[in-house]
Number of protein chains: 2
Amino acid sequence: MRLKRVSPRAPLRLDDRDARVKDAPGDEKLKENTETQVERIADLQRTFYADGRFALLVVLQGRDASGKDGTIRNVFTGVNPQGIQVTSFKVPTEEELRHDFLWRIHQRVPARGMFGIFNRSHYEDVVVTRVNGIVPKAVWKSRYEQINEFETTLSDSGVRILKFFLHISRTEQKERLQKRLTNPEKNWKFNPGDLAERKKWSAYTTAYRDAIRRCNTRWAPWYVVPADDKKVRNYLIALTVADTLDSLKLRWPKADRDVIAHWID
Amino acid sequence: MRLKRVSPRAPLRLDDRDARVKDAPGDEKLKENTETQVERIADLQRTFYADGRFALLVVLQGRDASGKDGTIRNVFTGVNPQGIQVTSFKVPTEEELRHDFLWRIHQRVPARGMFGIFNRSHYEDVVVTRVNGIVPKAVWKSRYEQINEFETTLSDSGVRILKFFLHISRTEQKERLQKRLTNPEKNWKFNPGDLAERKKWSAYTTAYRDAIRRCNTRWAPWYVVPADDKKVRNYLIALTVADTLDSLKLRWPKADRDVIAHWID
């Protein structure tokens, strides 16, 4: 069981069936496997930080209650906080709106050596804005290419980009929102605005599908994550991140000869 | 065994003896106790984030190789990275130098709900600058009061401030710098500049002592941490952080009645 990047050719459905996997291992096994991957990530991060040739950018997108916060907590807790920076992009502020849509995003791109996690991202600017008619069609349409070029710029300077769409079904979202009302420890996460967005379910599906298809390059690939089962989601994302780090052939920088020649008294 | 805040009255020595504790438990016991505190921190952080009334600012200061990075890794790994922001303050950039010394610091103060960890801080501006004669005496002297007022402003807006001076002996520093030369996994941390600073040992002692004494308020207290033994250091800091969080009487925000009245279809 592993995620494949969204195929540039095959059709992309995003229907309710895709929110679950059929061949998932049992809960205990999944938890154990996830722990292994989380430890791998924490371990590889140490060399990644010292190596300093790459940055890692993880983009998390998905509907309300699709598990963006939970993914961060479950996959990246265990990473040395000195090496990771999480940014939650909210509704743009007045100042942010006086700039282009990539301005605030660019500022939060991780430096080499760092992990950067985007909880929502510039993809909101081709999804929410489109669904709610906040910008004209000509504007959001031209953003796809701008995003592709932006991500190319990052990739060219050493940023490894992984984009995950957390795909949940309509029923699962209902259950999760309901829990925010009934569980006192989750009350604070409830936002009445989420209900209005839920009503636009299929408009969001279209907008996400287009964004994923139009901005899906080899150097900034999308993964659609079956996210109705949180344990499956955590495992699949952790595995993908760990494998990506592993593929970088990280190394400890060697000291220069003149450094080794120093003597300390 | 626990840290006491630096007394505003008793003299502050910072000599080599203070870099160790006499009554430390054995290594195994220490590790176990630290784990307990680290778990307490991770656990309390979840409510802290939801509660949103406070921010936590942890300032780490200390000589080169005193263990600032190690403290962050050992005490705060395990905290959800979405709730914590680590800032390592380096030599100021040209742009930063065109501003007052608190400008870059202020930008990195954690928002309510967040932990902010400062790896070095505005205290460099009354220590390094003084030892190396980078600013005139009149300038660094007047900064103590400015720092106190700045920290008062933060505290008044809900920031809980804990300042730790990691106190190591001269012998221990030598050993640690030596290891950076001989251990390939530590090579990258070696900075020849550290040797020049080491030569100014007693000037640094004076500068740190004055800074700690002059900027030590009830709402932004200093703790001198005996840091020759890393396990002792980790335990003492973790305990202090956990106890501070515990004392805040954190709570899950309750939902409004009109929120609970919502129905999801």
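Focus on the overall build of chain A
Right, on to step 1. Assigned secondary structure in chain A consists of eleven helices and five strands.
Right, on to step 2. Its C-alpha atoms give chain A a radius of gyration of 20 Å, near enough to 18 Å, the size a compact globule of 265 residues would have.
Right, on to step 3. With the principal axes as the frame, chain A shows a C-alpha extent of 70 × 50 × 40 Å.
Right, on to step 4. Residue burial in chain A is summarised as follows: out of 265 residues, 54% are buried.
Right, on to step 5. Put simply, of all contacts in chain A between residues at least 6 apart along the chain, 83% involve residues at least 24 apart.
Right, on to step 6. As displayed, chain A offers around 12800 Å² of accessible surface, 49% of which is attributable to carbon and sulfur atoms.
Right, on to step 7. The distance from the centre of the 49 positive side-chain charges to the centre of the 36 negative ones in chain A is 5 Å.

Observations concerning the relation of the copies chain B and chain A
Mapping one chain copy onto the other needs a rotation about an axis and a shift along that axis.
Right, on to step 1. With an axial shift of 0.0 Å and an RMSD of 0.0 Å, the rotation relating chain B to chain A amounts to 180°. The operation mapping one copy onto its partner corresponds to a two-fold rotation axis. Closest approach to the rotation axis among the C-alpha atoms of chain B is made by Gly 78 of chain B, whose C-alpha sits 2.4 Å away.
Right, on to step 2. Interface residue correspondence from chain B to chain A reaches 100%, placing this contact among same-surface, isologous pairings.

Thoughts on the packing of helix α1 (residues 27–51) of chain A against helix α10 (residues 230–246) of chain A
All names here are of chain A.
Right, on to step 1. Two elements in contact, α1 and α10, have axes whose closest approach is 8 Å; the angle formed by their N-to-C orientations is 30°. What the angle tells us is that α1 and α10 run roughly parallel. You can see that α1 and α10 cross each other, and the crossing is left-handed. Between α1 and α10, the contacting residues are Asp 27, Leu 30, Lys 31, Asn 33, Thr 34, Gln 37, Val 38, Arg 40, Ile 41, Leu 44 and Phe 48 on the first element and Lys 231, Val 232, Asn 234, Tyr 235, Ala 238, Leu 239, Val 241, Ala 242, Asp 243, Leu 245 and Asp 246 on the second.

What about the interface of chain B and chain A?
Right, on to step 1. Between chain B and chain A, the contact holds 41 residues from the first and 41 residues from the second.
Right, on to step 2. Between chain B and chain A the total buried area reaches about 3800 Å² when both faces are included, carbon and sulfur atoms providing 62% of it.
Right, on to step 3. The interface formed by chain B and chain A holds zero salt bridges in total.
Right, on to step 4. Elements that contribute at least two residues to the side of chain B that touches chain A include exactly α1 (27–51), α2 (68–76), β2 (84–88), α7 (170–182), α8 (193–198) and α11 (257–260) of chain B.
Right, on to step 5. At five residues, the largest contribution of residues to the side of chain B that touches chain A is made by α7 of chain B.
Right, on to step 6. The residue inventory of the side of chain B that touches chain A, partitioned by class, reads 22 nonpolar, nine polar and ten charged.

Quick word on the packing of helix α2 (residues 68–76) of chain A against α10 of chain A
All names here are of chain A.
Right, on to step 1. Packing of α2 against α10 leaves a shortest axis separation of 10 Å and a crossing angle of 55°. One way to sum up the angle between α2 and α10 is to call them oblique. Read as a crossing pair, α2 and α10 show a hand that is right-handed. Of the residues in α10, those touching α2 at Gly 70, Thr 71, Asn 74, Val 75 and Phe 76 are Arg 233, Asn 234, Ile 237, Ala 238 and Val 241.

Description of the side chain of Ser 155 of chain A
Right, on to step 1. Summarising the element assignment, Ser 155 of chain A is placed in helix α6 (residues 137–156).
Right, on to step 2. By relative accessible area, which is 15% here, Ser 155 of chain A ends up buried.

A few points about the pairing of strand β4 (residues 159–167) of chain B
Residue and element names in this part refer to chain B.
Right, on to step 1. Along β4, eight of the nine residues are buried, which leaves the element largely enclosed by surrounding structure.
Right, on to step 2. Both strand β1 (residues 55–62) and β4 contribute to a ladder of eight bridges, which runs parallel. By the bridge assignment for β4, Leu 57 is matched with Ile 161.
Right, on to step 3. Inspection of the sheet shows β4 paired to strand β5 (residues 222–226) by five bridges, in the parallel sense. If you follow His 167 over to β5, its bridge partner there is Pro 226.

Parameters at a glance
- Residues numbered from 1 in each chain as written.
- Chains lettered and ligands numbered in written order.
- Predicted model: local features only at pLDDT ≥ 70, side-chain atom pairs only at ≥ 80, totals over all residues.
- Heavy atoms only, no water.
- Helix = DSSP H or I, 4+ residues; strand = E, 2+ residues; numbered from the N terminus.
- Rg over C-alpha atoms; globule rule 2.2 N^0.38 Å.
- Buried < 20%, exposed > 50% of the residue type's maximum accessible area, 1.4 Å probe, protein only.
- Contact = heavy atoms within 4.5 Å.
- Areas by Shrake-Rupley, 256 points an atom, 1.4 Å probe, with all protein chains shown as cover.
- Lys, Arg positive; Asp, Glu negative; His and termini not counted.
- Charge placed at Lys NZ, Arg CZ, Asp CG, Glu CD.
- Least-squares fit on C-alpha atoms with pLDDT ≥ 70 in both.
- Axes fitted to C-alpha atoms, helices over the stretch in contact; angles between N-to-C directions.
- Parallel < 35°, antiparallel > 145°, perpendicular 65-115°, else oblique.
- Left-handed = near helix turned anticlockwise from the far one by under 90°.
- Buried area = accessible area lost by both parts, 1.4 Å probe.
- Salt bridge = Lys/Arg side-chain N within 4 Å of Asp/Glu carboxyl O.
- Nonpolar A, V, L, I, M, F, W, Y, C, P; charged D, E, K, R; others polar.
- Pairing = 2+ DSSP bridges.

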